[in-house]
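Below are the chains, spelled out letter by letter.
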Amino acid sequence: MRSLDLLQQFAPEKINYDVSEILGDGADGQVFSIKSDPSTVIKYSILYDLDYSNQLNLKYSNIDKVFNFIKNNKNKAIAKIYDFGLLYKGVRTTTIGQQEYIIYFSTYEKLKKISEEEKKALHSLLDFYEKNEKLEKVKNEMKVLSKYFDFNHEKYVDFYQNLCLLNFHHNDMHIRNIMKDESSNLKLIDFDKSTIME
């Protein structure tokens, strides 16, 4: 069952925003437009105690720390988080036994999807990031790629520089978790699996 469906069934009073269209639907949550604020989106996330370890509070505590940390982070590669919080704790019966879950929300700046052309360049950029390539090489490669694909190579270089300055581990960095703002600046989203560097 999806996170918002569970909330509507078990805790409708906890639904804190009037949502309209669904913008994204992933394994651990759903993203919606907010009717009263078209510049903001809300993600309802669900976290299951997958290993039946009764460590769900500890796992949520980590998410809470990460969201607080990211909300106050000024890195320009990160989507702006406005608010987040725990909404509901529940238990479901599975074939193995009782399994706890929590539902929480986060609100973000509304961003746009990147184009297919931009994705092609972004694949290369993420490869460079994974290999920890020098900035000069990235600049040159992005400039060359911009002759073949329709994207702003300078924005990609800026994004790369900011990614290299991240002071937390995203742990789920891929193309679907990168979007752009109205000025075509690339932004990293979806921080549910992130961890803070110790």
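Structure's up top.
Residues numbered from 1 in each chain as written. Predicted model: local features only at pLDDT ≥ 70, side-chain atom pairs only at ≥ 80, totals over all residues. Heavy atoms only, no water.

J.: Just give me the short version of the nonpolar core, but keep the residues and values in it.
T.: If you look at the biggest cluster of nonpolar residues, it comprises 41 residues, and the most contacted ones within it are Leu122, Leu125, Met142, Tyr156, Phe159 and Phe191. The element contributing the most residues to this core is helix H2 (residues 56-71), with six residues. What methionine 142 contacts, discounting residues up to four positions off in sequence, is Ala121, Ser124, Leu125, Phe128, Phe151, His153, Tyr156 and Val157. If you look at the next biggest cluster of nonpolar residues, it comprises 16 residues, including Leu4, Ile34, Leu87 and Ile103. (Core = buried A, V, L, I, M, F, W, Y, C linked by side-chain atoms within 4.5 Å. Buried < 20%, exposed > 50% of the residue type's maximum accessible area, 1.4 Å probe, protein only. Helix = DSSP H or I, 4+ residues; strand = E, 2+ residues; numbered from the N terminus. Contact = heavy atoms within 4.5 Å.)

J.: A description of the packing of aromatic side chains should follow, citing residues and the corresponding values.
T.: In total, this model carries 12 aromatic pairs according to the counting rule given. With centroids separated by 6.4 Å and ring planes inclined at 90°, the aromatic side chains of tyrosine 129 and tyrosine 160 adopt a geometry described as edge-to-face. Here the residue tyrosine 129 occupies a position in helix H3 (residues 116-130), and tyrosine 160 occupies one in helix H5 (residues 153-164), the gap between them amounting to 31 residues. We classify tyrosine 129 as partly exposed; its relative accessible area is 26%. Taking relative accessible area as the criterion, tyrosine 160 reaches 1% and is therefore assigned buried. Members of the aromatic cluster, joined through ring pairs, are Phe10, Tyr48, Tyr88 and Tyr101. Its guanidinium or amino end placed over the ring of tyrosine 48, arginine 92 lies 3.9 Å from that ring's centre, counting from NZ or CZ. (Phe/Tyr/Trp six-rings, centres within 6.5 Å; stacked < 30°, edge-to-face > 60°. Lys NZ or Arg CZ within 6 Å of the ring centre and 35° of its normal.)

J.: Residues and numbers for the packing of H3 against H5, please.
T.: Each pair of packed helices can be summarised by the angle the axes make with each other and by the distance between the axes. Where H3 meets H5, the axes come as close as 11 Å, and the angle between the chain directions of the two elements is 30°. Every pair of crossing elements has a handedness; the one defined by H3 and H5 is right-handed. Where H3 abuts H5, its residues Glu118, Ala121, Leu122, Leu125, Phe128 and Tyr129 lie against Tyr156, Phe159, Tyr160, Leu163 and Cys164. In the contact of H3 with H5, the residues fall into 10 nonpolar, no polar and one charged. (Axes fitted to C-alpha atoms, helices over the stretch in contact; angles between N-to-C directions. Left-handed = near helix turned anticlockwise from the far one by under 90°. Nonpolar A, V, L, I, M, F, W, Y, C, P; charged D, E, K, R; others polar.)

J.: How would you summarise the sheet that holds strand E1 (residues 19-26) if you had to cite specific residues and measurements?
T.: Taking strand neighbours across the sheet as the criterion, the five strands line up as E1-E2-E3-E5-E4 in an open arrangement whose pairing is antiparallel. This sheet does not close on itself; its edge strands, each paired only once, are E1 and strand E4 (81-93). Here the average twist between neighbouring strands, direction ignored, is 20°. Sheet analysis places strand E2 (residues 29-34) next to strand E3 (residues 37-48), joined by six bridges and oriented antiparallel. From the neighbouring strand, glycine 29 faces E3, where its bridge partner is serine 45. Seen against the sheet, H2 touches E3, E4 and strand E5 (98-109) and runs at an angle of roughly 170° to E4. (Pairing = 2+ DSSP bridges.)

J.: Can you tell me about the packing of H3 against helix H4 (residues 135-145), naming the residues and giving the values?
T.: The N-to-C vectors of H3 and H4 enclose an angle of 170°; their axes lie 11 Å apart at closest approach. Comparing their axes, H4 and H3 come out roughly antiparallel. Judged by the twist between their axes, the crossing of H3 over H4 is right-handed. Residues Ala121, Ser124, Leu125 and Phe128 of H3 pack against Lys137, Val138, Glu141, Met142 and Leu145 of H4. Here the residues of the contact of H3 with H4 sort into six nonpolar, one polar and two charged. (Parallel < 35°, antiparallel > 145°, perpendicular 65-115°, else oblique.)

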